[in-house]
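Chain by chain, the residues:
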Amino acid sequence: MPRTGGARLVLYVAIAARVAALPPLKRTARPRHGALTIRGGSTKKTVTRNPRAVVVQKRTDVLGASFNLVNNVAGCGFLTLTAGAAGTGYLPAIGLVAFLGAVSCGSFLLLGEDALRYQASDVRSLWSEAVGANAWAVDASVAAFCGAAAVIYHGIVGDVFGPLVEKYLDIPPSITVYAVALLALFPLCQLDLATLAKFSLMGCASVFLTAFAILYRAVDGTYGEDGIHRASAVASAATGGCCGVSAKALVLSANLGLAYVAHYNAPPLAESLARGDGGARRRFRQVTFLSFTVLVALYAGVMAAGKATFGDAARPNVLLNYGASDALARVARLATGASIVFGFPLVFSGFYDSATRLLPPAWETSLQKRRGARRTLGSLCLVLLTAQVALAAGDIGLPAGLAGSLLGGFVVYVLPAMIRWPSASALGRVGCLMLALLGVGLGLLGAQQTLSAYGLI
């Protein structure tokens, strides 16, 4: 009998140890305000209305979360920075990249900390908790920003694939844009976002491959005066010297408004770092500081390298400056094109869903139905509409400048200030007011300079 009791005791201890070793059960919360929850194995993903927002929610370290954030933010916005720096010296241009990066980092922190305070999982629910009324303003800003991003993506498709198709098949680039929209982008927009999220690594690989190509060509001498690729490239001398300042720097600030937009990611990222140990705010700050440091270094390096290679002749998509004989540039263009094709449905989802939420409830319900014929037709119309706008714009510089100055200015500067305002102290409200005024000023001046550069005013 004692032996039997001892055996039972050992068995109970073994069972208790086994149960203790099991992973904790996760409470499943209903997705709020349009967030789509996807489960695959032990990983949960939340696809928000951010054009680049696929945030993996799991117990990841600071480096892993930083990698995801950089991957979601970098996108293709850095391709326009070299053209924006035309006429501005190296030091002022790099200083502007660093300054606006620091301000964007601070406003990103505001949104994340407010999201933790109000336990909000996305910007729309955060606005509803902090401000209350007029949540449609968030939907409108998301719809406008994602729509502008879709236009830019169509433009890059034309830049990348148009010349190749025209060279080998003698088909005009405009036909190529429509063909890719109908045969690739529209069908991909009908797929589940969980399937498309698997290609997010392609976007990150494309960013760093393109950055490597730009940096390498700036120092390898092939685009120098006697370089082998110089004859087929579009290049000129760089004005502004080391410290020259020009009003055209406002175009650079507008382009940075697009390149630094990460702020729809702040609430879901903050939520993913909450583990019940009270360290979410510390981890969120670490991820934010590390990510924006990488972004500032990436943007400053690519901008300076492109400026050193092509001077003031840099085009709004700097990849178009490289010579036709440059194999490395061709690989970078094709990688960017593939990334754009698979990234477009994430942008378009934010555009479509936010735009339809602005409609009357009966229309919204009909158009939001996942497999409905009206949703399919509505998606087709919007894909073709954004393609037409991209062709009418001519290049990505105009939509990038306007989206970055006006929409980026609102999302990066004004929106965080408005959300923080109700709970801020007297001194904090002064800071909120300064941040909002900075956004309004940069937005209006950047838009004015962008329109002026294209001869529209």
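Residues numbered from 1 in each chain as written. Predicted model: local features only at pLDDT ≥ 70, side-chain atom pairs only at ≥ 80, totals over all residues. Heavy atoms only, no water.

A.B. asks: How would you explain the overall build of the protein if you had to name every residue and give the values?
C.D. replies: Scanning the protein for helices and strands turns up 17 helices and 3 strands. Residues classed as buried in the protein amount to 50% of the 457 residues present. Entry remark: accessible area of the protein is about 20,500 Å², with carbon and sulfur atoms responsible for 67%. (Helix = DSSP H or I, 4+ residues; strand = E, 2+ residues; numbered from the N terminus. Buried < 20%, exposed > 50% of the residue type's maximum accessible area, 1.4 Å probe, protein only. Areas by Shrake-Rupley, 256 points an atom, 1.4 Å probe, with all protein chains shown as cover.)

A.B. asks: Explain the confidence of the model for the protein to me, using residue names and the numbers behind them.
C.D. replies: Here the protein averages 80 in pLDDT, and 83% of its residues register 70 or above. Here strand 1 (residues 36-40) stands out as the element of the protein with the lowest mean pLDDT, 34, in contrast to helix 4 (residues 90-118), whose mean of 94 is the highest. Within the model, pLDDT remains below 50 along residues 1-59, and this stretch shows 87 contacts once partners closer than five positions in the same chain are excluded. (pLDDT = per-residue confidence, 0-100. Contact = heavy atoms within 4.5 Å.)

A.B. asks: How would you summarise the packing of helix 13 (residues 327-357) against helix 15 (residues 373-393) if you had to cite specific residues and measurements?
C.D. replies: Two elements in contact, helix 13 and helix 15, have axes separated by 11 Å at closest approach and are oriented at 110°. Viewed along their axes, helix 13 and helix 15 adopt a mutual orientation that is roughly perpendicular. When you trace helix 13 past helix 15, the crossing you get is right-handed. Seen from helix 13, the contacting residues are Phe344, Phe348, Phe351, Tyr352 and Asp353; seen from helix 15, they are Arg374, Arg375, Gly378, Ser379, Leu382, Val383 and Thr386. Residue composition of the contact of helix 13 with helix 15, by class: 6 nonpolar, 3 polar and 3 charged. (Axes fitted to C-alpha atoms, helices over the stretch in contact; angles between N-to-C directions. Parallel < 35°, antiparallel > 145°, perpendicular 65-115°, else oblique. Left-handed = near helix turned anticlockwise from the far one by under 90°. Nonpolar A, V, L, I, M, F, W, Y, C, P; charged D, E, K, R; others polar.)

A.B. asks: Outline the packing of aromatic side chains, supporting the account with residue identities and numerical values.
C.D. replies: All chains considered together, the criterion is met by 11 aromatic pairs. Connected via pairs of aromatic rings, a cluster forms that spans Phe108, Tyr260, Phe284, Phe292 and Tyr299. Looking at Lys307, its charged tip hangs above the ring of Tyr90, at a distance of 5.6 Å from the centre. (Phe/Tyr/Trp six-rings, centres within 6.5 Å; stacked < 30°, edge-to-face > 60°. Lys NZ or Arg CZ within 6 Å of the ring centre and 35° of its normal.)

A.B. asks: So what about the environment of Gly155? Which residues, and what values?
C.D. replies: Within the secondary structure, Gly155 sits in helix 6 (residues 136-169). Residue class for Gly155 comes out buried when judged on its relative accessible area of 16%. Sequence spacing of Gly155 and Ala387 is 232 residues, and the spatial spacing of their C-alpha atoms is 7.8 Å. The residues touching Gly155, leaving out its near neighbours within four places in the chain, are Ala390 and Ile396.

A.B. asks: An account of unusual backbone geometry is needed here, citing residue identities and associated values.
C.D. replies: A positive phi angle, near 55°, is found at Gln119, a position not held by glycine. As for its position among the elements, Gln119 is in the loop between helix 4 and helix 5 (123-130). Of note in the backbone geometry, Asp170 takes a positive phi value of approximately 60° without being a glycine. The residue Asp170 is located in the loop between helix 6 and helix 7 (173-189) in this model.

A.B. asks: Would you mind going over the pattern of salt bridges in detail, with residue names and values included?
C.D. replies: In this structure the tally under the stated criterion is 11 salt bridges. Where Glu113 meets Arg420, a salt bridge forms, and the shortest distance between an N and an O atom there is 3.8 Å. With a gap of 307 residues between them, Glu113 in helix 4 and Arg420 in helix 16 (residues 397-420) connect regions that are remote in the sequence. Owing to a relative accessible area of 11%, Glu113 belongs among the buried residues under this scheme. (Salt bridge = Lys/Arg side-chain N within 4 Å of Asp/Glu carboxyl O.)

A.B. asks: A description of the nonpolar core should follow, citing residues and the corresponding values.
C.D. replies: Judged by nonpolar contacts, the single largest core of 102 residues is most densely connected at Leu256, Tyr260 and Tyr299. Sort the elements by how many residues they give to this core and helix 12 (residues 280-310) lands first, with 12 residues. Excluding anything up to four places from it in sequence, Leu256 contacts Leu81, Leu96, Val97, Leu100 and Tyr299. (Core = buried A, V, L, I, M, F, W, Y, C linked by side-chain atoms within 4.5 Å.)

A.B. asks: Report on helix 6, specifying residues and quantitative values.
C.D. replies: Taking 1.5 Å of rise per residue, the 34 residues of helix 6 would be expected to cover 50 Å, and the 46 Å separating its terminal C-alpha atoms lies within 8% of that figure. Asp170, located one to two residues past helix 6, shows a positive phi value of around 60°. (Expected span 1.5 Å × (residues − 1).)

A.B. asks: How would you explain the side chain of Ser141 if you had to name every residue and give the values?
C.D. replies: With respect to the element layout, Ser141 can be found in helix 6. Exposure remark for Ser141: the relative accessible area of 7% places this residue in the buried category. If we ignore the near neighbours within four places in the chain, the residues touching Ser141 are Tyr264 and Phe410.

A.B. asks: Pulling in residues and values, what's your account of a nonpolar patch on the surface?
C.D. replies: The grouping of Leu63, Phe208, Leu290 and Val294 at the surface amounts to a nonpolar patch, some 340 Å² of accessible area in total. Within the element layout of this structure, Leu290 appears in helix 12. (Patch = residues over 30% accessible without salt bridge, like charges linked within 9 Å, V, L, I, M, F, W, Y side chains within 5 Å.)

A.B. asks: A description of the packing of helix 6 against helix 16 should follow, citing residues and the corresponding values.
C.D. replies: Packing of helix 6 against helix 16 brings their axes to within 10 Å, and their N-to-C directions diverge by 160°. Classed by the angle they form, the pair helix 6 and helix 16 counts as roughly antiparallel. In this structure, helix 6 crosses over helix 16, and the sense of that crossing is left-handed. Contacts from Ser141, Ala144, Phe145, Ala148, Val151 and Ile152 in helix 6 reach Pro399, Ala400, Ala403, Leu407 and Phe410 in helix 16. Partitioning the contact of helix 6 with helix 16 into residue classes produces 10 nonpolar, 1 polar and no charged.

A.B. asks: Could you give me a rundown of the environment of Arg357, with the residues and numbers involved?
C.D. replies: In this structure, Arg357 sits in helix 13. Put simply, Arg357 and Asp139 are 218 residues apart on the chain and 7.1 Å apart in space, counted from C-alpha to C-alpha. Among the polar contacts made by the side chain of Arg357, one reaches the side chain of Asp139 at a distance of 2.8 Å. (Polar contact = N/O pair within 3.5 Å; in protein donor to acceptor, adjacent residues only side chain to side chain.)

A.B. asks: Account for helix 15, with residues named and values stated.
C.D. replies: Spanning 21 residues, helix 15 covers 30 Å between terminal C-alpha atoms, matching the ideal 30 Å at 1.5 Å per step. For helix 15, every residue scored as buried is listed here: Arg375, Gly378, Ser379, Leu382, Val383, Thr386, Ala387 and Ala390. Looking straight down helix 15, one finds its buried side chains confined to an arc of 165°; they lie on one side. Projecting away from the buried face of helix 15 at angles above 90 degrees are the exposed residues Ala373, Arg374, Leu377 and Ala392. (Arc of directions from axis to C-beta.)

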